[in-house]
Amino acid sequence: MDFLDSIREGFNNRVDFKEKRPGVWSVRAPIYHEDGDMIDVFVERTNGDDTVRLRDAGLTLMRLSYDYDLNTDNKRKIFQEIILKNGVEEEDDEIFIDAKTENVFPAMMQFAQAVAKVGSMRYFGREVVRSLFYEQLDEIVAKSVKNVPYQKNVAPVPERPELEVDYRFEVNSKPIFLMAVRGSNKAKQAAINFLEFRQLKLPYRAFVAHENLGDLPKNDITIVTRAADKQFTDLDNFRTDFPRALEAELAN
Amino acid sequence: MVAHYTQEEIEAMIACPKVIVQPLAKKWDGKPKHRQNEMELRSADGKYEYKVFLRQNVEFEENFSIGVRGREKGKPWMTLLRVNGPHGPNKEIRHHEKPHVHYHDFDNFTGDPALAIPVEDYFSLNEAIVYFFKKINLPISSDYFGGLFART
């Protein structure tokens, strides 16, 4: 049986094919993305006698990139886990699976499931992977800071190791202490640190990068605002304004 | 899913005059299987901010998408519009392979623009770019788009 017939039989004839390039067929099966577009599956015979490759031509990650980038090690790790656990493979951003002709239909369903799971990674950004905040912030810092020496997880007062700041940037005579704030407890910790440093008369500038300032209780916003010289309301704001703020401090 | 915008707001966000905050890169960013470019906009009245994305598959160039995400400052981002190439069928235009535009269908809100309308106004990527910027009310200026039509 031809591999196209095998797919047709699996879908009970509710499938169509279009030869996109010589020997490369696009499968028109009733499996859809959220927006109603069909999931892209291209099928072709590989060099092996009876082996068929199903692949996405990189379109899954292209779609994902509309509003979600695999731009951190953690996101890449999650992506690779989805690939591995769903029995498909990935090379140069193309997802694929090889199958014998008689197994091509179940392989296609397996492939479609993997593609759908990768596509749903965009929701991790809003919900599940909120814990990526610190990793994403770290990445923005690394990109933004070109010629300014900095350290992570530093205690500016050696005899007070509990007063740790997330970043210390060496800017002129006044270092910048940056606290990354996710949640109420961290907000309180940031405020306590800065107020203690003030009492100890340390020279510093206090920056706070919030995961989302609007999520904090009103009292926390008040105490952080009193203690900080500059705040970034969320990661987008930090990404845009932190490099400018750093430049301004360097110019002072 | 909670709807943060009314249909009227979505339409106003698409149609209002805009200014460029961050222009497109002069060169497309080449990924292993697609190329991409991006820009940032805001509404002329400063109420809304936008991220525009352009994507084109390397192997199947007819598979492209030009889209815009927008938000009122302080509210969540949402994809407002996507202008797609004739890449393949859609649930709503099953038997055709036409360029199509995805809009938000507020009655069937999923968080992604789900309503697909086939269009005759463009076929190639360059034509689609012109169509898209007209749709979002941003005049094409050579100052900002000079490098856009050049292939990398």
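Rules and cut-offs
- Residues numbered from 1 in each chain as written.
- Chains lettered and ligands numbered in written order.
- Predicted model: local features only at pLDDT ≥ 70, side-chain atom pairs only at ≥ 80, totals over all residues.
- Heavy atoms only, no water.
- Helix = DSSP H or I, 4+ residues; strand = E, 2+ residues; numbered from the N terminus.
- Buried < 20%, exposed > 50% of the residue type's maximum accessible area, 1.4 Å probe, protein only.
- Contact = heavy atoms within 4.5 Å.
- Areas by Shrake-Rupley, 256 points an atom, 1.4 Å probe, with all protein chains shown as cover.
- Pairing = 2+ DSSP bridges.
- Axes fitted to C-alpha atoms, helices over the stretch in contact; angles between N-to-C directions.
- Buried area = accessible area lost by both parts, 1.4 Å probe.
- Salt bridge = Lys/Arg side-chain N within 4 Å of Asp/Glu carboxyl O.
- Polar contact = N/O pair within 3.5 Å; in protein donor to acceptor, adjacent residues only side chain to side chain.
- Phe/Tyr/Trp six-rings, centres within 6.5 Å; stacked < 30°, edge-to-face > 60°.
- Lys NZ or Arg CZ within 6 Å of the ring centre and 35° of its normal.
- Core = buried A, V, L, I, M, F, W, Y, C linked by side-chain atoms within 4.5 Å.
- pLDDT = per-residue confidence, 0-100.
- Expected span 1.5 Å × (residues − 1).
- Arc of directions from axis to C-beta.

1. Some thoughts on the overall build of chain B
Helices and strands together make up the secondary structure of chain B, namely three helices and eight strands. Taken from N to C terminus, the helices and strands of chain B fall in the order α-β-β-β-β-β-β-β-β-α-α. Among the 152 residues that make up chain B, the fraction classed as buried is 49%. A sequence separation of at least 24 residues applies to 45% of the contacts in chain B between residues at least 6 apart.

2. Digging into the overall build of chain A
Of regular secondary structure, chain A possesses nine helices and eleven strands. Taken over 252 residues, chain A has a buried fraction of 50%. In chain A, 54% of the contacts between residues at least 6 apart in sequence involve partners at least 24 apart. As displayed, chain A has an accessible area near 12400 Å², and 47% of this comes from carbon and sulfur atoms.

3. Quick look at the sheet that holds strand S8 (residues 165-169) of chain A
Residue and element names in this part refer to chain A. The five strands are arranged S7-S8-S9-S10-S11 in an open sheet whose pairing can be described as mixed. On the outer flanks of this sheet lie strand S7 (150-154) and strand S11 (230-232), each paired with one strand and no other. This sheet shows a mean twist of 20° between the axes of neighbouring strands, independent of strand direction. Packing of helix H6 (residues 133-144) onto the sheet brings it into contact with S7, S8, strand S9 (176-181) and strand S10 (205-210), and relative to S9 it is tilted by some 150°.

4. Here we look at the interface of chain B and chain A
Taken together, the 35 residues of chain B in the interface contact 30 residues of chain A. Taking both partners together, chain B and chain A bury about 2800 Å²; carbon and sulfur atoms supply 46% of that area. Taken together, the connections running from chain B to chain A amount to four salt bridges. Residue A:Lys20 pairs with B:Glu62 through a salt bridge whose shortest N-O separation is 2.9 Å. Here chain B is connected to chain A by seven residue pairs in polar contact (both at pLDDT 80 or more).

5. Topic: the packing of aromatic side chains
Tallied over the full model, the rule gives 20 aromatic pairs over all chains. With 4.3 Å between their ring centres and 15° between their planes, A:Phe42 and B:Phe60 make a pair best called stacked. Of this pair, A:Phe42 sits in strand S3 (residues 42-45) while B:Phe60 sits in the loop between strand S4 (48-57) and strand S5 (64-72), each in a different chain. As far as burial versus exposure is concerned, A:Phe42 and B:Phe60 are alike and both buried. Judged by centre distance (6.5 Å) and plane angle (65°), the rings of A:Phe194 and A:Phe197 are edge-to-face. Highlighted residues: A:Phe194 and A:Phe197, both in helix H7 (residues 184-199), separated by three residues, approximately one helical turn. Of the aromatic side chains, those joined through ring pairs into one cluster are A:Tyr150, A:Tyr167, A:Phe169, A:Phe207, A:Phe232, A:Phe238 and A:Phe242. In this arrangement the basic side chain of A:Arg53 is found over the ring face of A:Phe96, its NZ or CZ atom lying 4.0 Å from the centre. Above the face of the A:Tyr68 ring, A:Lys75 is positioned so that its terminal group lies 4.5 Å from the ring centre.

6. Considerations on the side chain of A:Glu44
Residues and elements named next belong to chain A. By the secondary structure assignment, Glu44 is in strand S3. Engagement of the side chain of Glu44 in a polar contact is seen with the side chain of Arg55, the distance being 2.5 Å. Ignoring anything within four residues of it in the chain, the contact list for Glu44 reads Phe3, Gly23, Val24, Val52, Arg53 and Arg55.

7. Some remarks on the nonpolar core
A:Ile7, A:Val27 and A:Met108 are the most contacted members of the largest nonpolar core, which has 35 residues in total. Listing elements by their share of this core, those giving two or more residues are helix H1 (3-10), strand S4 (51-55), helix H2 (59-64), helix H3 (73-85), strand S6 (94-100) and helix H4 (104-119) of chain A. Dropping the residues within four chain positions of it, A:Val27 is found in contact with A:Ile7, A:Val15, A:Asp16, A:Phe17, A:Val41, A:Val43 and A:Met108. Residues B:Ile10, B:Ile14, B:Tyr48 and B:Val101 belong to the second largest nonpolar core, which totals 32 residues.

8. A look at the confidence of the model for chain A
Per-residue confidence for chain A gives a mean pLDDT of 89, with 96% of residues at or over 70. Summarising per-element confidence for chain A, the mean pLDDT is lowest in helix H5 (residues 121-126) of chain A (69) and highest in strand S5 (residues 89-91) of chain A (97).

9. Side note on the pattern of salt bridges
All names here are of chain A. Tallied over the full model, the rule gives 26 salt bridges over all chains. Put simply, Lys188 and Asp220 hold a salt bridge, and the shortest N to O gap is 3.2 Å. Taken as a pair, Lys188 in helix H7 and Asp220 in helix H8 (residues 218-227) lie far apart in primary sequence, 32 residues in all. In this structure Lys188 comes out as partly exposed when scored by relative accessible area, which is 36%.

10. Some details on the sheet that holds S6(A)
All names here are of chain A. One open sheet holds the six strands; their spatial order is S1-S2-S3-S4-S6-S5, and the pairing between them is antiparallel. The open sheet has two edge strands, strand S1 (16-21) and S5, and neither has a second partner. With strand direction ignored, the average angle separating the axes of adjacent strands in the sheet is 35°. Summarising the sheet, strand S2 (residues 24-28) and S3 pair through two bridges and their orientation is antiparallel. Residue pairing in the sheet places Ser26 in a bridge with Phe42 of S3.

11. Quick notes on H4(A)
Residues and elements named next belong to chain A. With 16 residues, H4 should reach 22 Å at 1.5 Å per residue; the first-to-last C-alpha distance of 22 Å fits that figure. Looking only at H4, the buried set comprises Val104, Ala107, Met108, Phe111, Ala112, Ala114, Val115, Val118 and Gly119. For H4, the angular spread of the buried residues around the axis is 165°, confining them to a single face.

12. Regarding H3(A)
Look at H3(A): 18 Å from first C-alpha to last across 13 residues, which is about the 18 Å you get at 1.5 Å a residue. Downstream of H3(A) by one or two residues, A:Gly87 has phi in the positive range, about 70°.

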